[in-house]
Number of protein chains: 2
Amino acid sequence: MQSEIRRKLLEAFRDAKGGYVSGQKISELLGCSRTAVWKHIEELRKEGYELEAIRKKGYRIVKMPDKISDNEIRLGLETNRLGHDIYYYDQVDSTQTIAQELANKGVKEGTIVVADEQTGGRGRMARTWYSPKETGIWMSLILRPNIPIQHTPQLTLLTAVAIVQAIEEISGLSPVIKWPNDILINGKKVVGILTELQAEADRVHAVIIGMGINVNQNQDHFPDHIKEIATSLYIEKGKYFTRAEIIQKILLSFERLYDQFLKDGFKPIKLLWESYAISLKQMITARTLSGTIRGKAIGINDEGVLLVQTEEGEVKHIYSADIEISK
Amino acid sequence: MQSEIRRKLLEAFRDAKGGYVSGQKISELLGCSRTAVWKHIEELRKEGYELEAIRKKGYRIVKMPDKISDNEIRLGLETNRLGHDIYYYDQVDSTQTIAQELANKGVKEGTIVVADEQTGGRGRMARTWYSPKETGIWMSLILRPNIPIQHTPQLTLLTAVAIVQAIEEISGLSPVIKWPNDILINGKKVVGILTELQAEADRVHAVIIGMGINVNQNQDHFPDHIKEIATSLYIEKGKYFTRAEIIQKILLSFERLYDQFLKDGFKPIKLLWESYAISLKQMITARTLSGTIRGKAIGINDEGVLLVQTEEGEVKHIYSADIEISK
């Protein structure tokens, strides 16, 4: 099936919100005969869609294939802007690298890059992110906000809130945020966020937000060295999740928060972030590139900088660190 | 002449600081015969170098060709790190674009990209920078400082100080800095700085500092629409300058300030910057992307943000704007 026809067809089903779309309507939308409509429907079936056909009513999607692709993401996406342009790959080195190139080429805000597998997934500080096939969400979102670069770290925090909200809604689990960029369930990492930017000193060209979300992995999926520190939604909830649906929820949640952020600034986002954050008001050890700081995490400032009060009473600004909560 | 041989030869002359280098020494350095040395010297002559040859003493460079290239920059360069890796081009679209690509590929700190002509020179906010052949310095410097992104704008200010110091030393002129990124002489723009970055939210990968310096242009070189606002060192001083020498002075001045910055932070740089800045303590109009602010420019903060006090007494943080000083 031509991708343009498939897109129109799936959009029609999306707009019907689970209801029927008549053969007549599809034939008008695609500008093709009823026989051709039937052929297109058969092709969707071959791709794994379960479709119901009822005389006089038309076609209805009963179940989507358990895979992730641009179509699965598009069908059911309720956002106004984000995720409308989708670059989907079966396998990539890193969605961030591709998104960086796309951003350089000028693609518009809201464009996402999604892969079923990353062979060179990246985390913060040039660390690796384990991204095996068919198990998780490896996605990069391109934004072009009109904000000073000093405010970019706020978007990492906004992203964390968006993902926590989406996971809560879909799974009923209660993830927490660990500054600056991790989301944990039962003390184990389920999500990592990597915010990168292309900018002038006083103007952001593009912010590229990478999200790695462990969804359907079981314990055996994780290599030994991360088994103790990583988890997945499947492990925590005991059921499988549809990755495309999670992506849709994240994008929707993100868009709401982002629109609020662009309109009202960081304050409302900060309040939400604090409500999900662990490691605030606790004694922490922060390992930075220039040394280790111990003290009480008293909060974050408007730039997303962590404020730590040392035993001597001095308040240190921590821009980047690995945090450990003292027992 | 092979570039490796030329490089070694010119480095030998550089190390001699204007003095003689014996044929014997050159022959040892290059691992070639005295006859071959003579041939290499002849080739330099053909390239426009004036060389003196004195029996028993050796060779001495009397005058360098009035052109700009990697060799001219290398010969006489007194820095420890900056400018040792030089990418020179006769003509490029933009040195910034090339430097961005090189930074992505992992070239080391201090690498510079220099072109004799830019066909698509860029300024702040996607504006153009007029960069005709053989008249100015169109250069990009790649840095990899271990600083949070919030501090990146400090490097624009550091660059301005480095260039002002170099111009003062070489020409005796007294340039001033206009926040955020222009250098003026007699109220007209002689230098523009464009600081771009590749970064994570909490870690800088590369800062790419573009410098456009009008050196030997006369009035006729400037297109009509910038004649009234642009000037060059030639116009202001009435003499021509050797561009390679200015680049060397800038790199040396930059390296001193940068080493101090990495060691002691922004404070000493800020004091220097303020001593060269116009528009401080004056009534200004600042045009930002989100509106116009009028007030007194009371200073810059440690992040390079301009602080403007409005008539109502409120202090506004200005991250990015075009500034006009009220008469």
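No experiment lies behind these values; they were computed from the predicted model shown.

Draft legend 1. Main features of the pairing of strand β1 (residues 50-54) of chain B. All names here are of chain B. Where β1 meets strand β2 (residues 58-63), 5 bridges bridge the pair, whose relative direction is antiparallel. By the bridge assignment, A53 is partnered in β2 with Y59. Connecting β1 to the antiparallel partner β2 that follows it, the hairpin turn spans 3 residues, and K56 within it adopts a positive phi of roughly 75°.

Draft legend 2. Structural detail: the interface of chain A and chain B. Facing 29 residues of chain A, the contacting portion of chain B comprises 28 residues. Here chain A meets chain B over a buried area of about 2,400 Å², counting both sides, of which 54% is carbon and sulfur. Looking at the side of chain A facing chain B, the largest losses of area belong to Q150, D202 and Y319 of chain A, adding up to 26% of the total buried there. For the pair chain A and chain B, the interface holds 8 residue pairs in polar contact (both at pLDDT 80 or more). Elements supplying a minimum of two residues to the side of chain A that touches chain B: α6 (152-171), β8 (188-200) and β9 (203-214) of chain A. Residue contributions to the side of chain A that touches chain B peak at 7 residues, all from β8 of chain A. For the side of chain A that touches chain B, a count of residues per class yields 13 nonpolar, 10 polar and 6 charged.

Draft legend 3. Quick look at helix α2 (residues 23-30) of chain A. Residues and elements named next belong to chain A. Residues of α2 that are buried: G23, I26, S27 and L30. Down the axis of α2, the smallest arc covering the buried residues is 100°, so these residues share one side. On its buried face, α2 is in contact with α1 (3-15), α3 (34-46) and β2 (58-63). In the segment just after α2, G31 is the residue with positive phi, at about 65°.

Draft legend 4. Main features of the relation of the copies chain A and chain B. When chain A is brought onto chain B, the operation consists of a screw motion whose angular component is 180° and whose axial shift is 0.0 Å, with 0.0 Å RMSD remaining. Here the copies are linked by what is in effect a two-fold axis. No C-alpha of chain A lies nearer the rotation axis than that of Q150 of chain A, which sits 2.3 Å from it. The fraction of interface residues of chain A whose copies in chain B are also interface residues reaches 97%, indicating that both copies meet through the same surface.

Draft legend 5. Representation of the UniProt feature "domain: BPL/LPL catalytic" (unreviewed entry) in chain A within the structure. If you check UniProt for "domain: BPL/LPL catalytic" (unreviewed entry), the listed places come out as residues 71-262 of chain A in our numbering. Between the C-alpha atoms that bound residues 71-262 of chain A there is a distance of 29 Å. The span itself is 33% helix and 25% strand.

Draft legend 6. Summary view of the sheet that holds strand β12 (residues 306-309) of chain B. All names here are of chain B. One open sheet accounts for 5 strands, arranged β13-β12-β11-β10-β14; its pairing is antiparallel. Two strands lie at the open edges of the sheet, namely β13 (315-318) and β14 (322-325), each paired on one side alone. Across the sheet, the mean angle from the axis of one strand to that of its neighbour is 45°, orientation sign disregarded.

Draft legend 7. Looking closely at the pattern of salt bridges. All names here are of chain A. Applying the stated rule across the entire model yields 38 salt bridges over all chains. In this structure, D85 engages K108 in a salt bridge whose closest nitrogen and oxygen atoms are separated by 3.8 Å. Here K108 lies in the loop between α5 (95-105) and β4 (112-115) and D85 lies in the loop between α4 (70-74) and β3 (86-89), a separation of 23 residues in the sequence. Residue D85 is classed as partly exposed on the basis of its relative accessible area, which comes to 30%. One network of salt bridges, in which partners are shared, links E4, R7 and E11.

Draft legend 8. Examining the nonpolar core more closely. One finds W273 and L306 of chain A together with W273 and L306 of chain B to be the most contacted residues of the largest nonpolar core, which totals 134 residues. Once you skip the residues sitting within four places of it in the chain, L306 of chain A turns out to touch W179, L280, I284, A297, G299, I300, K316, H317, I318 and I323 of chain A.

Draft legend 9. Focus on the UniProt feature "DNA-binding region" (unreviewed entry) in chain A. Under the local residue numbering, the UniProt record ascribes the feature "DNA-binding region" (unreviewed entry) to residues 23-42 of chain A. Strand forms 0% of residues 23-42 of chain A and helix 85%; the C-alpha atoms that close the span are 13 Å apart.

Draft legend 10. Looking closely at the packing of aromatic side chains. Evaluated as defined, the whole model comprises 6 aromatic pairs over all chains. Ring geometry for F254 of chain A and Y258 of chain A: centres 5.8 Å apart, planes at 45°, overall tilted. Residue F254 of chain A and its partner Y258 of chain A are located together in helix α9 (residues 243-264), separated by 4 residues, close to a single helical turn. In terms of burial, F254 of chain A and Y258 of chain A fall into one category: buried. Taking 4.4 Å as the distance between ring centres and 20° as the angle between the ring planes, the aromatic pair formed by Y234 of chain B and Y240 of chain B counts as stacked. Judged by its relative accessible area of 22%, Y234 of chain B falls in the partly exposed class.

Draft legend 11. Representation of the sheet that holds strand β14 (residues 322-325) of chain A. Residues and elements named next belong to chain A. Strand order in the open sheet formed by 5 strands is β13-β12-β11-β10-β14, with antiparallel pairing between adjacent strands. Of all the strands in the sheet, just β13 (315-318) and β14 have a single pairing partner and so form its edges. The mean inter-strand angle of the sheet, taken between neighbouring strand axes irrespective of direction, is 45°. Taken together, the 4 bridges between strand β10 (residues 283-288) and β14 define a ladder with antiparallel strand orientation. Each bridged residue has a counterpart across the sheet, and for T285 the counterpart in β14 is E324.

Draft legend 12. Examining the domain arrangement of chain A more closely. Residues and elements named next belong to chain A. Domain annotation of chain A identifies domain 1 (3-63), domain 2 (70-276) and domain 3 (283-325). The gap between the C-alpha centroids of domain 2 and domain 3 is 25 Å. Both sides together, the interface formed by domain 2 and domain 3 hides about 1,200 Å², and carbon and sulfur atoms give 55% of it. The partner of D322 in a salt bridge is R127, with the nearest N and O atoms 2.6 Å apart. For the side of domain 2 that touches domain 3, the secondary structure elements donating two or more residues are α6 and α10 (267-276). The residue makeup of the side of domain 2 that touches domain 3, split by class, is 7 nonpolar, 3 polar and 5 charged.

Draft legend 13. Spatial organisation of α10 of chain A. Residues and elements named next belong to chain A. Along α10, the residues classified as buried are I269, K270, W273 and Y276. All buried residues of α10 fall inside an arc of 125° around its axis, so they share one side. When the buried face of α10 is taken as reference, the exposed residues oriented beyond 90 degrees from it are K267, L271 and S275.

Here is what the cut-offs are and how they apply
- Residues numbered from 1 in each chain as written.
- Chains lettered and ligands numbered in written order.
- Predicted model: local features only at pLDDT ≥ 70, side-chain atom pairs only at ≥ 80, totals over all residues.
- Heavy atoms only, no water.
- Pairing = 2+ DSSP bridges.
- Helix = DSSP H or I, 4+ residues; strand = E, 2+ residues; numbered from the N terminus.
- Contact = heavy atoms within 4.5 Å.
- Buried area = accessible area lost by both parts, 1.4 Å probe.
- Polar contact = N/O pair within 3.5 Å; in protein donor to acceptor, adjacent residues only side chain to side chain.
- Nonpolar A, V, L, I, M, F, W, Y, C, P; charged D, E, K, R; others polar.
- Buried < 20%, exposed > 50% of the residue type's maximum accessible area, 1.4 Å probe, protein only.
- Arc of directions from axis to C-beta.
- Least-squares fit on C-alpha atoms with pLDDT ≥ 70 in both.
- UniProt positions renumbered as here; feature names shortened; annotations may be inferred.
- Axes fitted to C-alpha atoms, helices over the stretch in contact; angles between N-to-C directions.
- Salt bridge = Lys/Arg side-chain N within 4 Å of Asp/Glu carboxyl O.
- Core = buried A, V, L, I, M, F, W, Y, C linked by side-chain atoms within 4.5 Å.
- Phe/Tyr/Trp six-rings, centres within 6.5 Å; stacked < 30°, edge-to-face > 60°.
- Domains from an automatic or database assignment.

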